[in-house]
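Breakdown of the fold
Residue-level listing of the chains:
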Amino acid sequence: MLHANPSPHQPIRSSMTDLPAQRGGKPVVRFAPSPTGFLHIGGARTALFNWLYARHHGGTFLLRIEDTDRERNNEAAVAAILDGLRWLELGWDGEPVSQFSRAGRHREVANEMLKRGRAYRCWSQPAEIEAAREAAKAAGRAQIFESPWRDRDPAAAPAGVEPAIRLKSPRTGETTVRDNVQGTVTFPNKDLDDLIILRSDGNPTYNLAVVVDDHDMAVTHVIRGVDHLTNAARQTQIYEAMGWPVPEFAHVPLIHGPDGAKLSKRHGALGIEAYRAMGYLPAALRNYLVRLGWAHGNDEIIPTERLVEWFGLDGIGKSPARFDYAKLTDLNGHYIRNATDAELVRRIEDILPEIEGGPALAAKLAAGGRARLEAAMGGLKDRAKTLLEIVDGAHYLFAARPLELDDKARALLDAPARATIAALLPRLLAVADWQAAEIEAAVRAHADATGLKLGKVAQPLRAALTGRAVSPPVFDVMAQIGREDALARLEDQAA
RNA sequence: GCCCCGUUCGUCUAGAGGCCUAGGACGCUCGCCUCUCACGUGAGCAACAGGGGUUCGAAUCCCCUACGGGGCGCCA
């Protein structure tokens, strides 16, 4: 159904040579995470927006790992990000590109800019720069650093010091970012300093690398978080210095935590795999995430196919949203009820290794329990909002006798209730065909004969059969666990 | 501090000058349905940040204030 990555385990590609040069006027977008941690919820939504945009327009969705900072590079993080995208079923086109591997090309462009007089070597040292910033801050001026080397003769360079290369950005005028979400945003050039494009160790910095890669990858639309808005202005200057066309921009608002604060790692932000382990379905998470910032009239439950059909940048709002578990959970319930029993069994099995009590259940499923679970799924999924709740609700299917009763079940099984069970037993013994309908008929007959309300009979049965006060319909339960087990569980509690 | 952006029910949002007595969804409250729970369903509570303009008319346009967010690295 969804575009699965055709070769998920291939190494990150390092060259552009296999990229189709022209894509027939179709948009090319990319998701470009930095491998500093897992795929968090904001990144997931950015990826989703990009993916939807590409799919909607029949374009291309590329993946690029922004790993130019070698000190922060982390292979486990790359793997976690790719896993997260796969789980969310956001398949990308081609192989992921490692930005670091393209450093040679970045250097080439930096040198070209030097040649064009759009960049210059800067021998200023970090301590010196820091001091200048402090001074600016103290004086109440914008904390931008103006390198003395912009106009100084390179011949005056200190010996034995490797220079960094800075963009020679315009000092006057303004730089305008035409953004599909933020509108037209203008920055005075005096507020944009000469950013370093090549470090003194010869490695490119983010803003250079992004521009070069987006250009080389023929990216037409850059969709990312608003935290990159000022970068868009800086990057625009680099595009202009190189005479390259500037891509379309769309800077989407950030997602905040339930308390309104920034959803950061240190604020309890979770990786996407945490949502999987909490029993959420990828389709539900996609639906929830897209609605955080994007709307299509009053539509709430929007299947992915419809999302692809409807998605557009013009539906994205400018204000940040808070993450709300209650709504995600409600949406998840809808998707669970509409999922097939087989899919739910498969998804449950997928997460068993990572949830509490999962391995034990996995063993039971492997030992023949899978069919029993799937058979009971209809009743289970109707009353669950997460896969975890299904697992919990399925407890009675695999419980060993004598059943442990929870507090509510124990309360239900008072002396009269136990007597009711005992009195009912002969009728159940007489049920010829152990089907839910037959069983129900027998129980209803007993209720009629004794003048008891059905609930007065059914609840004790439920407690005895499941050990709890809540379960799928008791007659279904009895049919599912089988005549022998059902009667035995009832006898255990009869008095 | 400087530069940008935002602000509609608790939350996500609809709303592009009259269709708004501001709609939907989640959550919450009270019913109905019912063997429990859930689903479904009916009803209810609940918002245009504040102040000035513009206009016959403003949630929608302009300005100011307040609050919130983002950015200001040889991080990405």
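As the structure is a prediction and not an experimental result, all values here were calculated from the model.

**Examining the environment of Asp 324**
Considering the arrangement of structural elements, one finds Asp 324 in the loop between β12 (321–322) and α10 (325–338). Its relative accessible area of 36% is what places Asp 324 among the partly exposed residues.

**Some details on the nonpolar core**
Counting residues in each nonpolar core, the largest one holds 99 residues, and the members touching the most others are Leu 428, Leu 461 and Met 478. At 9 residues, the largest contribution of residues to this core is made by helix α1 (residues 41–57).

**Here's the deal with the protein's contact with RNA strand B**
Within the structure, RNA strand B sits among 61 residues, and Arg 133, Arg 199, Asn 298, Lys 318 and Arg 383 are positioned closest to it. Of all atoms in RNA strand B that approach within 4 Å of the protein, 66% are sugar or phosphate atoms. One of the backbone N or O atoms of Tyr 206 is found 2.9 Å from a phosphate oxygen in RNA strand B. A distance of 3.4 Å separates a base oxygen of RNA strand B from a polar atom in the backbone of Pro 473. Mapped by element, the contributors of at least two residues to the surface near RNA strand B are β7 (183–188), α6 (229–242), β12, α10, α18 (454–466) and α19 (474–481). Counted by class, the surface near RNA strand B contains 20 nonpolar, 20 polar and 21 charged residues.

**Remarks on the sheet that holds strand β4 (residues 119–122)**
Taken together, 3 strands build an open sheet; the order of strands is β4-β5-β8 and the sheet is antiparallel. Strands at the two margins of the open sheet, each flanked by one partner only, are β4 and β8 (196–198). Each adjacent strand pair in this sheet contributes to an overall mean axis angle of 45 degrees, direction not counted. Judged from the 4 bridges that link them, β4 and strand β5 (residues 164–167) form a sheet pairing that is antiparallel. Each bridged residue has a counterpart across the sheet, and for Arg 121 the counterpart in β5 is Ile 165.

**What to know about the pattern of salt bridges**
Where charged atoms of side chains with opposite charge meet at close range, the side chains can pair. Following the criterion strictly, the structure yields 32 salt bridges and no others. When the shortest N-O distance is used, the salt bridge between Asp 194 and Arg 171 registers 3.8 Å. You can see Asp 194 sitting in the loop between β7 and β8 and its partner Arg 171 sitting in the loop between β5 and β6 (174–179), a full 23 residues away along the chain. With a relative accessible area of 36%, Arg 171 lands in the partly exposed category. The salt bridge partner of Asp 330 is Lys 385, with a shortest N-O separation of 4.0 Å. Linking Asp 330 in helix α10 with Lys 385 in the loop between α12 (358–381) and α13 (387–393), this pair joins segments that are 55 residues apart in sequence. The exposure class assigned to Asp 330 is partly exposed, which follows from its relative accessible area of 36%. Shared partners join several salt bridges into a network, and the residues in it are Arg 30, Arg 64, Glu 66, Arg 102, Arg 105, Glu 108, Asp 213, Asp 214 and Asp 216.

Basis of the calculations
- Residues numbered from 1 in each chain as written.
- Chains lettered and ligands numbered in written order.
- Predicted model: local features only at pLDDT ≥ 70, side-chain atom pairs only at ≥ 80, totals over all residues.
- Heavy atoms only, no water.
- Helix = DSSP H or I, 4+ residues; strand = E, 2+ residues; numbered from the N terminus.
- Buried < 20%, exposed > 50% of the residue type's maximum accessible area, 1.4 Å probe, protein only.
- Core = buried A, V, L, I, M, F, W, Y, C linked by side-chain atoms within 4.5 Å.
- Near = heavy atom within 4 Å.
- Polar contact = N/O pair within 3.5 Å; in protein donor to acceptor, adjacent residues only side chain to side chain.
- Nonpolar A, V, L, I, M, F, W, Y, C, P; charged D, E, K, R; others polar.
- Pairing = 2+ DSSP bridges.
- Axes fitted to C-alpha atoms, helices over the stretch in contact; angles between N-to-C directions.
- Salt bridge = Lys/Arg side-chain N within 4 Å of Asp/Glu carboxyl O.

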